[in-house]
Amino acid sequence: MEKLVSNWYGIVQPLPENYIFPPDARPGKLSTAPSIPNCNIPVIDLGSQGHDRDQIIQKILEASQEFGFFQVINHGIPDASLNDAMAVFKEFFELPLEDKEASIHSDDPNIVCKLYTSGVNYDWEDVHLWRDILRHPCHPLEKFMPLWPKQPIKYREHVAKCSTQVRKLALSILELISEGLGIGSAYFNDGVTQQTLLYVNYYPPCPDPSLTLGISKHCDPQLITILLQGDVSGLQVFKDGEWIGVEPLSHGLVVNIGHQLQIISNGKLKCAEHRAVTNSSNARMSAAFFITPSPDCYIEPAAALINASNPQLYKGFQYKEFSAHFYMNQGNTEVALEPFKL
Ligand code: OGA
Ligand code: NI
């Protein structure tokens, strides 16, 4: 735990060797503005669902097909909930090391609440990521909340509230997607949305952001992700050979399609590669809520989307088979889907 970047950054200059990525994976010169005109990640206003539902569904589907990413505004989650959650995450990462350790210490034999730096396999990594991460499941609350950090004192209250609201929003977006795809509005009930996993990423100011990454290129393996990215930019999406920045919107939320939704939609919806870059002046924080199937959940392309002109692209499998393969290959986007293609 003493390896956490948040404990030693600022003491060590310049960027240590084992944080320097190979030249082709480095962000290089960073511009925060997207380099292709009209290629911004779509922003969708959810506030008019009462009378514009069909139009909103269309926008969500188009964004999911073209980018695999969109942002939502007027999503119904009060600003105060998002602010409170982000504030307790920040407070957590700013605790002294021994308080962070004490805060997550528990007798849970499965250790569902974890704090680490870089990736899960730190000792095997050639290059480390410039980030610390706190992660734990959120749903159902009564099962998992007692295992969450004990400090800051308001952590459980604020994160419970925010995660409940984010889950509700995610389920309502999934309902719009299922309607748009024509697979029945109840498709995403039950096992396929059983879990909410929260990953809080903390990227301290970095001595040389051009040489390293906060998160390297990946796709999210779960169903759908809702991300709070605060007001510091750093998230980038790979589109048509370019990295596009996802600019922070005040109280906007980033939504992206995970591999399971890509598979259920039989490839209609896109699961886009993305990464996080660091910056030298401000710490950045993001909170990713992953709506995730239960391990035993059977995933397959929805029957309604398969016909003579749209042959089935993926075979069925249990989610745990997918996640085992994904993590064994360290999320390598080239091979993640290979065993599941028909
Ligand atoms: C993730 C992720 C991006 C960010 O946690 O999977 O892509 O902006 N995070 O931190
Ligand atoms: Ni991601």
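Residues numbered from 1 in each chain as written. Chains lettered and ligands numbered in written order. Predicted model: local features only at pLDDT ≥ 70, side-chain atom pairs only at ≥ 80, totals over all residues. Heavy atoms only, no water.

The following threshold applies: UniProt positions are given in the numbering used here, feature names are shortened, and annotations may be inferred rather than shown by experiment.
In the nomenclature of an unreviewed UniProt entry, the protein chain corresponds to Fe2OG dioxygenase domain-containing protein from the organism Rubus argutus. Listed in UniProt under the heading Sequence similarities (unreviewed entry), the comment for the protein chain reads: "Belongs to the iron/ascorbate-dependent oxidoreductase family."

## Details of helix 6 (residues 155-181)
Residues spaced three or four apart along an α-helix face the same direction, because each turn holds 3.6 residues. So the rule is basically this: Going along the chain from the N terminus, every DSSP run of H or I of four or more residues is numbered as a helix, and every run of E of two or more is numbered as a strand. What a helix is expected to span follows from its residue count: subtract one and scale by 1.5 Å.
Compared with an ideal rise of 1.5 Å per residue, which puts 27 residues at 39 Å, helix 6 spans 38 Å between its outermost C-alpha atoms and is within 8% of the ideal. Of the residues trailing helix 6, glycine 182 is marked for its positive phi of about 75 degrees.

## Things to note about the coordination of the nickel ion (ligand 2)
For clarity, the cut-off: Here the term donor refers to an N, O or S atom within 2.8 Å of the metal (or 3.2 Å for Na, K and Ca), and because water is left out of the atoms, sites may appear incomplete. Only protein chains enter the calculation, and the probe is 1.4 Å; a residue is then buried if its accessible area is under 20% of its type maximum, exposed if over 50%, and partly exposed in between.
Taken together, the protein donors to the nickel ion (ligand 2) comprise His218 (NE2), Asp220 (OD) and His274 (NE2), at separations of 2.1 Å. Binding-site remark: the nickel ion (ligand 2) is held by donors from one chain whose sequence spacing is H-x1-D-x53-H. Among the residues examined, histidine 218 registers a relative accessible area of 16% and is labelled buried. Note on aspartate 220: relative accessible area 4%, which makes it buried.

## Points about the sheet that holds strand 3 (residues 114-117)
In any sheet, the strands associate via hydrogen bonds between backbone groups, in a parallel or an antiparallel arrangement. We apply this condition: DSSP-based pairing: two strands are paired if at least 2 bridges between them are found. A fitted line through C-alpha atoms serves as each axis, taken over the contacting stretch for helices, and the angle formed by two N-to-C directions is quoted from 0 to 180°. Any two residues whose heavy atoms approach within 4.5 Å at even a single point are treated as in contact.
Within the open sheet, the eight strands sit side by side as 1-2-10-7-12-5-4-3. Their pairing is mixed. Whereas interior strands pair on both sides, the edge strands pair on one side only; in this sheet they are strand 1 (43-45) and strand 3. The mean angle between the axes of side-by-side strands here comes to 25 degrees, regardless of whether they run parallel or antiparallel. Seen against the sheet, helix 2 (residues 49-66) touches strand 1, strand 2 (69-73) and strand 10 (253-257) and runs at an angle of roughly 165 degrees to strand 1.

## As for the nonpolar core
Put simply, the test is: Here, the term nonpolar core denotes a set of buried Ala, Val, Leu, Ile, Met, Phe, Trp, Tyr and Cys residues that are joined through side-chain atoms within 4.5 Å.
Ranked by size, the top nonpolar core spans 71 residues in total, and within it Phe89, Leu134, Ile173, Ile177, Leu198, Leu228 and Leu261 carry the most contacts. Among the elements that line this core, the one with the most residues is helix 6, at 12 residues. Core analysis: the next-biggest nonpolar cluster, separate from the first, contains 16 residues, Ile41, Phe69, Tyr116 and Ala288 among them.

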